[in-house]
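Structure at a glance
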Amino acid sequence: MLSRSTRCVQRFRSLRRLQSTVAEIDGPAVTETNRAEATLKRFWKTVGIESRDGNLAVTLDKRALKTPEGHTLLLPSHKRLLATLVAAEWEHQETVIKHHALPVTSIVCRAIDAFDDTQTREEVCQALLEYLDTDTICFHEDYPDQLVALQTKHWDPILKWAKETFNVEIKLFDSILSNSHPNETKQKMLDVLRQMNKWELAAMERATYTLALVKEFITVEEASNASRVEVSSQIERWGEVEDTHDVDHFDIRRQLGSVSALCHDI
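Residues numbered from 1 in each chain as written. Predicted model: local features only at pLDDT ≥ 70, side-chain atom pairs only at ≥ 80, totals over all residues. Heavy atoms only, no water.

When you go through the protein chain residue by residue, the secondary structure sums to 13 helices and four strands. Counting across all 266 residues of the protein chain, residues that qualify as buried make up 38%. For the protein chain, the exposed area adds up to about 15,900 Å²; of that, 51% sits on carbon and sulfur atoms. (Helix = DSSP H or I, 4+ residues; strand = E, 2+ residues; numbered from the N terminus. Buried < 20%, exposed > 50% of the residue type's maximum accessible area, 1.4 Å probe, protein only. Areas by Shrake-Rupley, 256 points an atom, 1.4 Å probe, with all protein chains shown as cover.)

Written out as structure tokens, the structure reads:
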């Protein structure tokens, strides 16, 4: 008869084998990206960019990066800058993987994994449209003076551009209750979203003020300024909080920079 401790060891080993089998069947795809996330340690020596079937592949030790869903991370040949940025992110991972330092990789993977699927595209378009009625840029305050000036400088040009470019009526609100843009405006903006390619749609999903950025009406710097109008007003009035406002400023620019890179063909 086996001792109690021996039986416990055997049950533990059986459970481990079962868990391993289940992971292989139902678990996430075994990819370089998932491997990095699991170990949190750099396991590659070299990072490169290779041409594969007319596309660009970012490689770790000559093996192409794959997305979390197991798709090979392939970029169109006209997006070499984007491929370079993805490669640079992985090259600059030194000892421990820092997920926040992979914003371009993250948004590229999202575009590849999600937006070739018709149902996902439509769900995201509908979800993005819901933000139209509550978009901060449509809520203008008349006090304090610093805020009014910043709204005029950074928001009014974007609103004017959107109205003229898409031939829509965009209302300005002074209350957060019962606000809604005309149905015709919503339908036109939904059509704009549906016509976007997967890179543009992933960009729209990632950050604020991206429509004007995606369509190249504003720069990353201008989008950052527009997204920080209320914060900038508070800073002008009360001063900057160290290690908070300044950190947020650079984090927003990082996110918007990844969005801009995703959409540009260079």
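Additional details are given in the paragraphs that follow.
Below, the discussion takes up helix α13 (residues 245–263). One turn of an α-helix holds 3.6 residues; hence residues three or four places apart share an orientation. If you check α13, its first and last C-alpha atoms are 28 Å apart, about what 19 residues at 1.5 Å a residue would give, namely 27 Å. Every buried residue of α13 is listed here: H245, L256, S258, V259, S260, A261, L262 and C263. (Expected span 1.5 Å × (residues − 1).)

Turning next to the layout of surface pockets. In this model, the largest pocket occupies a volume close to 690 Å³. Y131, D135, M204, Y209 and L211 are, among the 25 residues lining the largest pocket, the residues nearest its centre. Looking at the lining of the largest pocket, the elements that each hand over two or more residues are α5 (118–129), α7 (156–166), α8 (183–194), α9 (198–206) and α10 (210–214). When residues of the lining of the largest pocket are assigned to their parent elements, the largest contribution, four residues, is made by α7. For the lining of the largest pocket, the class distribution of residues is 19 nonpolar, four polar and two charged. (1 Å grid on protein atoms, 1.4 Å probe; cavity = no way out; pocket = protein on both sides within 12 Å on 5 of 7 lines; lining within 4 Å. Points joined across faces, edges and corners; volume = space filled by probe spheres on them. Nonpolar A, V, L, I, M, F, W, Y, C, P; charged D, E, K, R; others polar.)

Here we come to the confidence of the model for the protein chain. Regions with low pLDDT should not have their predicted coordinates read in detail. For the protein chain, the average pLDDT comes to 87, and 85% of its residues sit at 70 or higher. Contacts of residues 1–27 to residues separated by more than four positions or lying in other chains number four contacts, the stretch itself having pLDDT below 50. (pLDDT = per-residue confidence, 0-100. Contact = heavy atoms within 4.5 Å.)

This part is about a negative patch on the surface. On the surface, a cluster of negative charge is made up of E141, D142, D174 and E230. Tracing the chain through its elements places D174 in the loop between α7 and α8. (Patch = residues over 30% accessible without salt bridge, like charges linked within 9 Å, V, L, I, M, F, W, Y side chains within 5 Å. Salt bridge = Lys/Arg side-chain N within 4 Å of Asp/Glu carboxyl O. Lys, Arg positive; Asp, Glu negative; His and termini not counted. Charge placed at Lys NZ, Arg CZ, Asp CG, Glu CD.)

Time to look at the pairing of strand β2 (residues 55–60). Among the six residues in β2, five count as buried, and that is most of the element. Judged from the six bridges that link them, strand β1 (residues 47–52) and β2 form a sheet pairing that is antiparallel. Bridge pairing in β2 links I49 to V58. Here β2 runs beside strand β4 (residues 74–76); their pairing, made up of three bridges, is antiparallel. Within β4, the position partnered with L56 by the bridge is L75. In textbook terms, the turn of a hairpin is the stretch between consecutive antiparallel strands, and for β2 and strand β3 (residues 63–64) this stretch comprises two residues, one of which, D61, has a positive phi near 55°. (Pairing = 2+ DSSP bridges.)

Turning next to the packing of α5 against α9. For the pair α5 and α9, the least separation of the axes is 11 Å and the interaxial angle reads 40°. By the angle class used here, α5 and α9 are oblique. As α5 packs across α9, the resulting crossing turns out to be left-handed. Every residue of α9 that contacts α5 at R121, V124, C125 and L128 is listed here: K198, L201, M204 and E205. Tallied by class, the residues present in the contact of α5 with α9 amount to five nonpolar, no polar and three charged. (Axes fitted to C-alpha atoms, helices over the stretch in contact; angles between N-to-C directions. Parallel < 35°, antiparallel > 145°, perpendicular 65-115°, else oblique. Left-handed = near helix turned anticlockwise from the far one by under 90°.)

Position of H181 relative to the elements: it lies in the loop between α7 and α8. What makes H181 buried here is its relative accessible area of 3%. Engagement of the side chain of H181 in a polar contact is seen with the backbone nitrogen of K171, the distance being 3.2 Å. Non-local contacts of H181, meaning those with residues more than four positions away in its chain, are made with L132, D133, C138, E169, I170, K171, F173 and K186. (Polar contact = N/O pair within 3.5 Å; in protein donor to acceptor, adjacent residues only side chain to side chain.)

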